[in-house]
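Residues per chain are reported as follows:
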Amino acid sequence: MAKKYVYFFGAGKAEGNKDMKGLLGGKGANLAEMAGIGLPVPPGFTVSTEVCSLFYKNKKRVPEDVKREVEKKLKRLEKTAGQGFGDPKNPLLVSVRSGARASMPGMMDTILNLGLNGKTAAALIAKTRNARFVYDSYRRFVQMYGDVVLGLKPVAKDDIDPFEAIIESKKRQRRIENDVDLTAEDLRDLVARFKAAIKQKTGHDFPEDSREQLWGAIGAVFGSWDNERAIAYRKMYDIPDSWGTAVNVQLMVFGNMGNDSGTGVSFTRDAASGENTFYGEYLMNAQGEDVVAGIRTPLPIADLRRDDPKAHAQLEKIRHILEKHFRDMMDIEFTIQQGKLYMLQCRVGKRTAFAAIKIAVDMVAKKLIGEKEALARIEPDQLNQLLRPIFDPAEKDAAIKGGRLLVKGLNAGPGAATGRIVFNSVDAEAWAKRGEKVILTRIETSPEDIKGMNAAEGILTARGGMTSHAALVARQMGKVCVAGCGELAIDYARRAMTVNGKILKEGDWISIDGTTGQVIKGKINTKPSEVLQVLIEKTLDPAQSPVYQTFAKVMAWADKVRTLKIRTNADQPDQSANAIAFGAEGIGLCRTEHMFFGEGKIGPMREMILADTLQQRKAALAKLLPLQRNDFAGIFEVMAGRPVTIRTIDPPLHEFLPHEEKNQRALAAEMGISYLKIKERIASLHEFNPMLGFRGCRLGIIYPEITEMQARAIFEAAAQTKKKGIEVVPEVMIPLVGHVKELSDQEKLVRRTAEAVMKEQGVTFKYLVGTMIEIPRGAITADEIAGVAEFFSFGTNDLTQTTLGVSRDDAGRFLIPYVEKEIFAKDPFEVIDRDGVGVLMRMAVEKGRKTRPTLKIGICGEHGGDPSSVEFCHLIGLNYVSCSPFRVPIARLAAARAALLNPPLAASAAKKPAKKAPAKKASKASKPSRKH
Ligand code: PEP
Ligand code: MG
């Protein structure tokens, strides 16, 4: 049997279903599902995503056998609809829409009202007796087709759409303000003017033949998979190029057939707050684009009860059917044509992080889903949004009292953002690149603005509702967004806007509150989120914060499921306390060298480095000992018995010395030695490649007195803490070990010191000695190293740079282009390179545990807070991940999801090919730097 490429749906039947998203795309699969469960879906067919690949392989042409299949389905559609495609008496009109496996809102192309030409338009007028409606549909069709298929678009960034320019000139000529005042005759004239402009500017004739229109549209929709904004979006959300889009051809239904028609976009629950109320917008006598594009400001869905009570009641029913059927909050598009309701789309609704969490928690309470399913639905990165800043309330109050409140728009993306106004995406990107905080301010955003939106702190728009492009995309990105501020009169050409009599120019500061919709002139400082106020600042009572309570519930579920422990990288007692508040179960990395930069410590540290003799060095170390001891004791007390991994000094010594002559002279004066001597000493410590030079355990091996001092400080602090009745479990970690003998050298020294301190102090305590696995030889010889090490911790920052031969400090210049060119799927310093570094890690785990089956293994590189890398750590059987305090909640959830989405921990699990990383926003986060 020939392979099937086209799937029909409609009239209560469907050849596809919701589980066929890979083949039919999200839109096609759910249209089929809705049709299959008897919801009112206009009939149509889906050309599968496989055809998209065939299209590109076939020189951007749809293969002949697929064309034949489409023709067959078109016949069936004609039969179902009782209309003929291109029929001059009873014409069938269709929409042609894209629909990929993952939702890519507005990134690809759509053509509506296809099938219209002079003859079919006349037939439609005879049928509907509504010439204005027909010519309005016709001019929209020519406009979309002209743009999408024939390529008549704005050229420069400040240009307005050429079709809009024609409409504006027509309105001026007719001295009218609104599109709705254009008559049928005006619209008919627009159709002619559009066609003439297309011919003049592109050289193409507008096709009158319906079939030619259809093939042009199908080709353009497949072609739009590879347009610039779709490619940028795929990169941002990890959508593989190979997926392709499906094309949905569907009977047109019209929301602009008169006042008994309308169209709307809504959510089965409130997408911003998560409240269980029907939430959305509609417009009577309008087409779908009018709602999403924000050209007219739509009405809240509750008002539909007044405009069309029957449709409203039917939609209420459908919202419950959909939630029960899909067991999730759905985003729907509907059209009412002359009083009859049609469902045009449904998909799992995008929501704010808080709404995502609240909906999941509420659905668990209603037994629609279980706790585990709730966890699987919350992306770890969404938690970031809960930890986002809010405005300092006092400052904001003062700003409002001081008359700086400019306007209130729709609270489309929660959080607080302050920045300088820019009026287009190109500038937003450029300004952000040079370190400016910007608020992208647009009349309305379109998919072309995606990069600028990503670069901005927040987005402010003059038009559009809660489901406008700006609102949807901002929420998805976790950006602060205020939309639909009708009072903003933006003049792109002048790079200025007026709002209620005030003028604001490009570069002026503005503050937007995406939770309340307020837009305030000037800069307002931001404050931590409610979760942070409860957990970190302790200024908010948990009982007063529903946000916190919901967060806490999810965290508790995550903790029940995860098998990975979560530790933190912290060097100070306050950081350790924050991490515990976020749920950390221990310290996975205390970088002792960070402590040397503390108050009063850099002096003795420099003395130690500049010492000429052992005696001088020991004298300097003696000064450092009590300082380090205090630091460790502070951490041990806060950690109260939780394991604490302390790493002996790692970075090259020259990092502690001043590099500018002025500072070197100051140091010479302070130490009472000559500037020349300092200069010479610093020169002698200079390394061409310090990353591979005199650092890590090499320092402690050549200067054992440094390790000895540090071990003594650790153990004396442990003894001191134990004497206070507080449990303490120090784990001493030796960095940059490549050969087991390096580790044994340091291990002996550490153990000797531990024994001595226990004897001197008259207390015993448990402690471990282990190592970082952060250079390839360490991983390769992990079996030998595990003979000495009681634990391993993967230093994936160094392991990545040494495995890839890519300097973590110098990679910025080529890594982003590398990712853009898809040489690396992801920045390997952000997400573990599973096929390279990951192979070494897996090998080290297996070899290490062969020698020492109980070997405790963790990770403390930056990857420990990245969800995909946490999943990998789970897969290869690590015991814990360690990350910065603020990423601990993300790691807890990521670890839970890793446990849920992957087979239980077992030796065989480690061999299983790793699953694809969850979709995640591309980040330009700076590399973990040696400049500690
Ligand atoms: C590492 O290399 O991954 C690590 C944690 O150590 P550092 O970043 O201090 O080199
Ligand atoms: Mg390292």
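Note that the coordinates shown come from a computational prediction; the quantities given were computed from them, not determined experimentally. (Residues numbered from 1 in each chain as written. Chains lettered and ligands numbered in written order. Predicted model: local features only at pLDDT ≥ 70, side-chain atom pairs only at ≥ 80, totals over all residues. Heavy atoms only, no water.)

Engineer: I keep staring at the layout of surface pockets and nothing clicks. Help me out?
Structural biologist: If you add up the space inside the second largest pocket, you get close to 690 Å³. Looking at the second largest pocket, it is lined by 28 residues, and the ones nearest its centre are Ile390, Pro414, Gly415, Thr515 and Val547. Among the elements of the structure, helix H13 (353–365), helix H15 (383–386), strand E14 (390–391), helix H16 (393–401) and helix H20 (530–537) are those that each provide at least two residues to the lining of the second largest pocket. By residue class, the composition of the lining of the second largest pocket is 13 nonpolar, nine polar and six charged. (1 Å grid on protein atoms, 1.4 Å probe; cavity = no way out; pocket = protein on both sides within 12 Å on 5 of 7 lines; lining within 4 Å. Points joined across faces, edges and corners; volume = space filled by probe spheres on them. Helix = DSSP H or I, 4+ residues; strand = E, 2+ residues; numbered from the N terminus. Nonpolar A, V, L, I, M, F, W, Y, C, P; charged D, E, K, R; others polar.)

Engineer: When you look at the coordination of the magnesium ion (ligand 2) in this model, what are you seeing that I'm missing?
Structural biologist: Distances from the magnesium ion (ligand 2) to its protein donors, Glu774 (OE) and Asp798 (OD), fall at 2.0 to 2.1 Å. In this pair, Glu774 sits in the loop between strand E31 (768–773) and helix H31 (776–780) while Asp798 sits in helix H33 (residues 796–804), placing the two residues 24 residues apart along the sequence. For Glu774, a relative accessible area of 2% translates into the label buried. (Donors = N, O, S within 2.8 Å, 3.2 Å for Na, K, Ca; no water. Buried < 20%, exposed > 50% of the residue type's maximum accessible area, 1.4 Å probe, protein only.)

Engineer: Would you mind going over the pattern of salt bridges with me for this structure?
Structural biologist: Two side chains of opposite charge can pair, provided their charged atoms sit close to one another. Tallying each qualifying case throughout the model produces 63 salt bridges. Of the charged contacts in the structure, one is a salt bridge between Arg174 and Asp186, with a shortest N-O distance of 2.8 Å. Separated by twelve residues along the polypeptide, Arg174 in helix H6 (residues 162–174) and Asp186 in helix H7 (residues 184–202) bring together distant segments of the chain. Since its relative accessible area comes to 31%, Arg174 is described here as partly exposed. (Salt bridge = Lys/Arg side-chain N within 4 Å of Asp/Glu carboxyl O.)

Engineer: Is there a simple way to think about the packing of helix H5 (residues 131–148) against H6 in this case?
Structural biologist: Relative placement of two packed helices is described by the angle separating their axes and the distance separating the axes. Viewed as axis vectors pointing N to C, H5 and H6 meet at an angle of 145°, and their least axial separation amounts to 10 Å. Across from Arg139, Val142, Gln143, Gly146 and Asp147 in H5, the residues of H6 making contact are Phe163, Glu164 and Ile167. By residue class, the composition of the contact of H5 with H6 is three nonpolar, two polar and three charged. (Axes fitted to C-alpha atoms, helices over the stretch in contact; angles between N-to-C directions. Contact = heavy atoms within 4.5 Å.)

Engineer: Looking at this model, I keep getting lost on the packing of aromatic side chains. Mind explaining?
Structural biologist: A ring pair, where both rings are aromatic, is described by two values, the distance of the centres and the angle of the planes. The final tally for this structure, using the stated rule, is 18 aromatic pairs. Centroid distance Phe141 to Phe206: 5.6 Å. Interplanar angle 80°. Geometry classified as edge-to-face. Here Phe141 is found in helix H5, whereas its partner Phe206 is found in the loop between H7 and helix H8 (210–223), with 65 residues between them in sequence. On the numbers, 6.5 Å between centres and 65° between planes, the contact of Phe765 with Tyr767 is edge-to-face. Note on Phe765: relative accessible area 7%, which makes it buried. Each member of the aromatic cluster is reached from another via a ring pair, and the members are Phe55, Tyr56 and Phe222. (Phe/Tyr/Trp six-rings, centres within 6.5 Å; stacked < 30°, edge-to-face > 60°.)

Engineer: Would you mind going over helix H26 (residues 661–671) with me for this structure?
Structural biologist: Helical geometry: 3.6 residues make up each α-helical turn, so side chains three or four residues apart lie on a common side. For H26, the set of buried residues is Gln664, Leu667 and Ala668. Projection of H26 onto a plane perpendicular to its axis shows the buried side chains occupying an angular sector of 100°, all on one side. Looking at H26, the residues exposed on the side facing more than 90 degrees away from the buried face are Lys662, Ala669 and Glu670. Among the structural elements, helix H24 (602–610) and helix H27 (675–685) are those in contact with the buried residues of H26. Looking at the residues trailing H26, positive phi occurs at Gly672, about 70°. (Arc of directions from axis to C-beta.)

Engineer: Quick question: what am I supposed to make of the sheet that holds strand E10 (residues 279–284) here?
Structural biologist: Think of a sheet as strands paired side by side through backbone hydrogen bonds, with each pair either parallel or antiparallel. Pairing within the open sheet is antiparallel, and its five strands lie in the order E11-E10-E9-E12-E13. Strands with a single pairing partner mark the edges of an open sheet, and in this sheet they are strand E11 (299–300) and strand E13 (340–348). Alignment of strand E12 (residues 330–337) against E13, held across eight bridges, turns out to be antiparallel. Directly across from Ile332, in E13, lies its bridge partner Cys346. (Pairing = 2+ DSSP bridges.)

Engineer: Can you help me understand helix H25 (residues 614–639) in this one?
Structural biologist: If you check H25, its first and last C-alpha atoms are 35 Å apart, about what 26 residues at 1.5 Å a residue would give, namely 38 Å. The sharpest bend along H25 comes to roughly 30°, located at Leu624, with the proline Pro626 sitting one to four residues further on. Just beyond H25, the residue with positive phi is Ala640, at close to 40°. (Expected span 1.5 Å × (residues − 1). Bend = angle between axes of the 7 residues up to and from the residue.)

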